[in-house]
Number of protein chains: 2
Amino acid sequence: MFRGLSAFPLTPTDEQGVDYTSYAALVARLAAAGVDSIGALGSTGGYAYLTREQRARAAKIAVEAADGVPVMVGIGALRTSQVLALAEDAQKAGADAVLLAPMTYQPLTEDEVFGLYEEVTRELSVPLCVYDNPRTTQVHFTDDLHGRIARLPNVGSIKTPAVPDEPARAEARIDALRALIPATVTIGVSGDWAAVRGLNAGSDAWYSVLGGMFPQTALMLTRAAQAGHAGRATELSDQLEPLWVLFRRHGALRVMSAVASHLGLTKEPNLPRPLRGPDTSARQDVAAALDVLGLST
Amino acid sequence: MFRGLSAFPLTPTDEQGVDYTSYAALVARLAAAGVDSIGALGSTGGYAYLTREQRARAAKIAVEAADGVPVMVGIGALRTSQVLALAEDAQKAGADAVLLAPMTYQPLTEDEVFGLYEEVTRELSVPLCVYDNPRTTQVHFTDDLHGRIARLPNVGSIKTPAVPDEPARAEARIDALRALIPATVTIGVSGDWAAVRGLNAGSDAWYSVLGGMFPQTALMLTRAAQAGHAGRATELSDQLEPLWVLFRRHGALRVMSAVASHLGLTKEPNLPRPLRGPDTSARQDVAAALDVLGLST
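A quick note: this is a predicted structure, and the numbers were derived from the prediction, not measured.

Quick word on the overall build of chain A
Alright, step 1. On a plain count of helices and strands, chain A comes out with 13 helices and 10 strands.
Alright, step 2. The C-alpha radius of gyration of chain A comes to 18 Å, within 12% of the 19 Å expected for a compact globule of 297 residues.
Alright, step 3. Every one of the 297 residues in chain A was classed for burial, and the buried ones make up 61%.
Alright, step 4. Long-range contacts, defined here as pairs at least 24 residues apart, represent 72% of the contacts in chain A between residues at least 6 apart.
Alright, step 5. Surface accessibility of chain A: about 11,000 Å² in total, with carbon and sulfur atoms responsible for 51%.

Given below as structure tokens:
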């Protein structure tokens, strides 16, 4: 489940609600391309902005549209009781795994974060991926906390933030984390622009925003790294620099929002307020980058 | 409305729900003490962790228990559509004002934050207090953004984070902000340990966590500052240092949670998971500080 390319699609949403039809098509497109798993309702999938009912329905649709490809469903929420309810909904929808970020309003102590994972993993009958995303949660996992949580029952993977730029340091980071966690727990990287460094450094999975929109492109890179062709994988990632620049500047979600409407895969807007897609000038940059990369159609 | 001491009570909540009886008593206690206004469902009031229904009921109870003392109600949420619904509920409950922090999951751009306030203020029939709290929202208001938002219709006040330590710098900060906003918009300070510096520097209000539990103590300090007795106000604040130390170490919410159960004003626990009150050793520190300050009964 937690190996290879995990593709994270948008959940197209506006003030009228979720566009489930476009969503099903986005997921089906990923399954048809042969991704290893689908990450439904991740940060790119806007889980934090949807109601329990919308999330339950989106989870069901994702599982159906994935047509046998394993689906992981995001269950994060501000309250433990909400997370438990969402975990139940995801499992009822047929999710193969769940993804949990420790969302915060009041900054959480390390014991509070651990307590959340302890209470939730106890109730699960599918494996959980620990979602370490300080940019959205403001939780800074220490190595000690990762080690404690990874030893809880049902923990299957850790989704880490971008690894360091320098290959030796990226490898040291993956190795250090690996030493702290059971052998059954995989490590998957995020931060698409740095993903190739994580894959080349031995991470097991790429939890990928790019893969949620351009599965073939992300698969080519993933398969090269998995086959041990580090140089080729790096080359493929370097070619995507025009997109990585925009990811770093506007956030991957906003770029993917602009891409989805540019390619006609969703209506516009496709993000819930107060989020707005990139402004006109940034949209032109996105369109230009797609043209350069031959990703416009 | 937005002047003097605004007291922010806890909303005692556990996994079974909100303890509305204790909540009504907490609010009535503040009104009886003569605070200038009550800040219901602020950060200390746990607004981010409650459902729409719980918030509507708590708002109604706060207005009733306040017995004529003006009540401001927190309407923050991750989605603009939720904020609009909560604003309606608060106004129906009889709130005299609303308080809005730009809650975030995906980091918001300045235009997205402005857009949120623009859409919400347009719909209001009571004044709004802009809640600038980077610790919980991760939004760092620039002066330019404060100026733009303060000129929107229905904006009545800005709740700012702690002012700088040094009195001259605190004054410069208040003056700089004042120069950017209409004369009709007041400035109120948060960060209780620094509140006296804000009041002495000419801020109009103290949005106070301490005042939500110890209204007499906070009123004495506020009245001294309002009467121009800066030295006396500073002395009163300095005396509270045993509490300020704990506020800075554990967060004001956790300290007030421990105080409320120590004083028998709420049951224990009184915070919703994943939040937990302070650990045993921190609770002993809280009890010792209350003893030293003569606030134990």
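Brief notes about the relation of the copies chain B and chain A
Alright, step 1. When chain B is brought onto chain A, the operation consists of a screw motion whose angular component is 180 degrees and whose axial shift is 0.0 Å, with 0.0 Å RMSD remaining. What the superposition gives is, in effect, a two-fold axis relating one chain to the other. Taking C-alpha positions as reference, the residue of chain B nearest the rotation axis is B:Q138, located at 4.2 Å.
Alright, step 2. When the interface residues of chain B are mapped onto chain A, 100% of them are again interface residues, pointing to one common binding face.

Quick look at the environment of A:E15
Alright, step 1. Assignment of secondary structure puts A:E15 in the loop between β2 (13-14) and β3 (17-18).
Alright, step 2. Note: C-alpha distance between A:E15 and A:M220 (205 residues apart in sequence) is 36 Å.

Some words on the UniProt feature "active site" (unreviewed entry) in chain A
Alright, step 1. According to UniProt, the feature "active site" (unreviewed entry) maps to A:Y131 and A:K159 in the numbering used here. For the annotated residues, spread through 29 residues, the largest C-alpha to C-alpha distance comes to 4.9 Å, consistent with a single compact locus.
Alright, step 2. Within the secondary structure, A:Y131 sits in strand β7 (residues 128-131).
Alright, step 3. Judged by its relative accessible area of 4%, A:Y131 is buried.
Alright, step 4. If we ignore the near neighbours within four places in the chain, the residues touching A:Y131 are A:S43, A:L99, A:L100, A:A101, A:P102, A:Y117, A:F141, A:K159 and B:Y105.
Alright, step 5. Using a relative accessible area of 6% as the deciding quantity, one classes A:K159 as buried.
Alright, step 6. Those residues in contact with A:K159, other than ones at most four positions away along the chain, are A:F8, A:L99, A:C129, A:V130, A:Y131, A:D132, A:G188, A:S190 and A:Y207.

Description of the UniProt feature "binding site: pyruvate" (unreviewed entry) in chain A
Residues and elements named next belong to chain A.
Alright, step 1. The UniProt feature table records "binding site: pyruvate" (unreviewed entry) at T44.
Alright, step 2. By the element assignment, T44 lies in the loop between β4 (37-40) and α2 (52-66).
Alright, step 3. On the accessibility criterion, T44 (9% relative accessible area) is buried.
Alright, step 4. Look past the residues within four positions of T44 in its chain and what remains in contact with it is F8, P9, L10, T11, V209 and L253.

A few points about the environment of A:A162
Alright, step 1. Within the secondary structure, A:A162 sits in the loop between β8 (155-160) and α7 (167-180).
Alright, step 2. A relative accessible area of 38% places A:A162 in the partly exposed class.

Notes on the sheet that holds strand β1 (residues 4-7) of chain A
All names here are of chain A.
Alright, step 1. Judged by pairing direction, the barrel is parallel, and its 8 strands sit side by side in the order β1-β4-β5-β6-β7-β8-β9-β10 before closing back on the first. For this sheet, the mean inter-axis angle between neighbouring strands, taken without regard to orientation, is 25 degrees.
Alright, step 2. Pairing between strand β6 (residues 97-100) and β7: 3 bridges, direction parallel. Bridging across to β7, L99 finds its partner in C129.
Alright, step 3. With respect to the sheet, helix α4 (residues 110-121) is in contact with β6, β7 and β8, its orientation differing from that of β7 by roughly 165 degrees.
Alright, step 4. Strand contacts of helix α9 (residues 215-226): β1 and β10 (205-208), with the helix running at about 155 degrees to β1, the strand carrying the most contacts.

What about the interface of chain B and chain A?
Alright, step 1. Tallying the contact residues gives 35 residues for chain B and 36 residues for chain A.
Alright, step 2. Between chain B and chain A, the buried area comes to about 3,400 Å², and carbon and sulfur atoms account for 50% of it.
Alright, step 3. Of all residues in chain B, the largest losses of buried area upon contact with chain A belong to B:R79, B:Y105 and B:Q106, amounting jointly to 26% of the total for that side.
Alright, step 4. Two residues, B:E119 and A:R273, come together in a salt bridge whose shortest N-O distance is 2.7 Å.
Alright, step 5. If you look at where chain B meets chain A, you find 24 residue pairs in polar contact (both at pLDDT 80 or more).
Alright, step 6. The set of elements that each furnish at least two residues to the side of chain B that touches chain A consists of β2 (13-14), α3 (80-92), α4 (110-121), α5 (134-137) and α12 (252-262) of chain B.

Observations regarding the packing of helix α1 (residues 20-33) of chain A against α2(A)
Residue and element names in this part refer to chain A.
Alright, step 1. Following both chains from N to C, one finds α1 and α2 inclined at 35 degrees, their axes separated by 8 Å at the closest point. Relative to α2, α1 is oriented so that their crossing is right-handed. Contact residues: Y20, Y23, A24, V27, A28 and A31 in α1; Q54, R57, A58, I61, A62, A65 and A66 in α2.
Alright, step 2. Its residues placed into classes, the contact of α1 with α2 shows 11 nonpolar, 1 polar and 1 charged.

A look at helix α1 (residues 20-33) of chain B
All names here are of chain B.
Alright, step 1. If you check α1, its first and last C-alpha atoms are 20 Å apart, about what 14 residues at 1.5 Å a residue would give, namely 20 Å.
Alright, step 2. If you check which residues of α1 are buried, you get Y20, S22, Y23, L26, V27, L30 and A31.
Alright, step 3. Of the surrounding elements, those touching the buried residues of α1 are β1 (4-7), β3 (17-18), β4 (37-40), α2 (52-66) and α9 (215-226).
Alright, step 4. One or two positions beyond α1, positive phi appears at G34, with a value near 90 degrees.

Overview of unusual backbone geometry
Alright, step 1. Across the junction of A:R273 and A:P274, the peptide omega takes the value 15 degrees, indicating a cis bond.
Alright, step 2. Within the secondary structure layout, A:P274 lies in the loop between α12 (252-262) and α13 (280-293).
Alright, step 3. With a phi close to 60 degrees, B:L41 is a non-glycine residue in the positive phi region.
Alright, step 4. Tracing the backbone through its elements, the reader meets B:L41 in the loop between β4 and α2.
Alright, step 5. In the Ramachandran plot, B:N154 falls in the positive-phi region, its phi being about 75 degrees despite a non-glycine side chain.
Alright, step 6. Summarising the element assignment, B:N154 is placed in the loop between α6 (143-150) and β8 (155-160).

Quick look at the packing of aromatic side chains
Alright, step 1. The full count for this structure, using the stated rule, is 8 aromatic pairs over all chains.
Alright, step 2. Plain terms: the ring middles of A:Y47 and B:Y105 are 5.0 Å apart, the flat faces sit at 65 degrees to each other, and that makes the pair edge-to-face. With A:Y47 in the loop between β4 and α2 and B:Y105 in the loop between β6 (97-100) and α4, this residue pair bridges two chains.
Alright, step 3. Against the face of A:Y20 rests A:R57, its NZ or CZ located 4.0 Å from the ring centre.
Alright, step 4. Here the basic side chain of A:R148 rests over the ring of A:F114, its NZ or CZ set 4.1 Å away from the ring centre.

Cut-off values and rules
Every chain is numbered on its own, with residues counted from 1 as its sequence reads. Lettering for chains starts from A, numbering for ligands starts from 1, and both go in the order in which the items are written. Residues qualify for local features only when their pLDDT is at least 70, as the model is predicted, and side-chain atom pairs are given and counted only at 80 or more; totals for whole chains, interfaces and linings, by contrast, use all residues. Excluding hydrogens and water, the side-chain figures rest on all heavy atoms present in the structure. A run of DSSP states H or I qualifies as a helix once it reaches four residues; a run of E qualifies as a strand once it reaches two. Both are numbered from the N-terminal end. When we talk radius of gyration, it's over C-alpha atoms, and the globule rule is simply 2.2 Å times the number of residues to the 0.38. Exposed residues in this analysis have more than 50% of their type's maximum accessible area, buried residues have under 20%, and partly exposed residues fall in between, with area computed by a 1.4 Å probe over protein chains only. In this description, contact between two residues means that some pair of their heavy atoms is separated by no more than 4.5 Å. Method for areas: the Shrake-Rupley scheme with a 1.4 Å probe, in which residue coverage is limited to the protein chains shown. The copies were overlaid by least squares, fitting only the C-alpha atoms of residues that reach a pLDDT of 70 or more in each copy. UniProt positions are given in the numbering used here, feature names are shortened, and annotations may be inferred rather than shown by experiment. Two strands pair if DSSP finds at least two bridges between them. For every element, the axis is a line fit to its C-alpha atoms; helices are fit only across the contacting stretch, and the angle between N-to-C directions ranges from 0 to 180 degrees. A quick way to say it: buried area is the sum, across both parts, of accessible area lost when two parts are put together, with a 1.4 Å probe. What makes a salt bridge here is a side-chain nitrogen of Lys or Arg within 4 Å of a carboxyl oxygen of Asp or Glu, nothing more. In protein, a polar contact requires one atom able to donate a hydrogen and another able to accept it; more generally it is a pair of N or O atoms within 3.5 Å, and residues adjacent in sequence count only if both atoms are side-chain atoms. Crossing chirality is assigned from the near helix's rotation relative to the far helix, an anticlockwise turn below a right angle marking it left-handed and a clockwise turn marking it right-handed. Residues are grouped as follows: nonpolar covers Ala, Val, Leu, Ile, Met, Phe, Trp, Tyr, Cys and Pro; charged covers Asp, Glu, Lys and Arg; every other residue, Gly included, is treated as polar. A helix is expected to span 1.5 Å for every residue after the first. Classification of ring pairs rests on two measures: the distance between centres of Phe, Tyr or Trp rings, Trp counted by its six-membered ring, which must be within 6.5 Å, and the angle between planes, read as stacked under 30 degrees, edge-to-face over 60 and tilted in between. In our convention, an over-ring charge means Lys NZ or Arg CZ found within 6 Å of a ring centre and within 35 degrees of that ring's normal.

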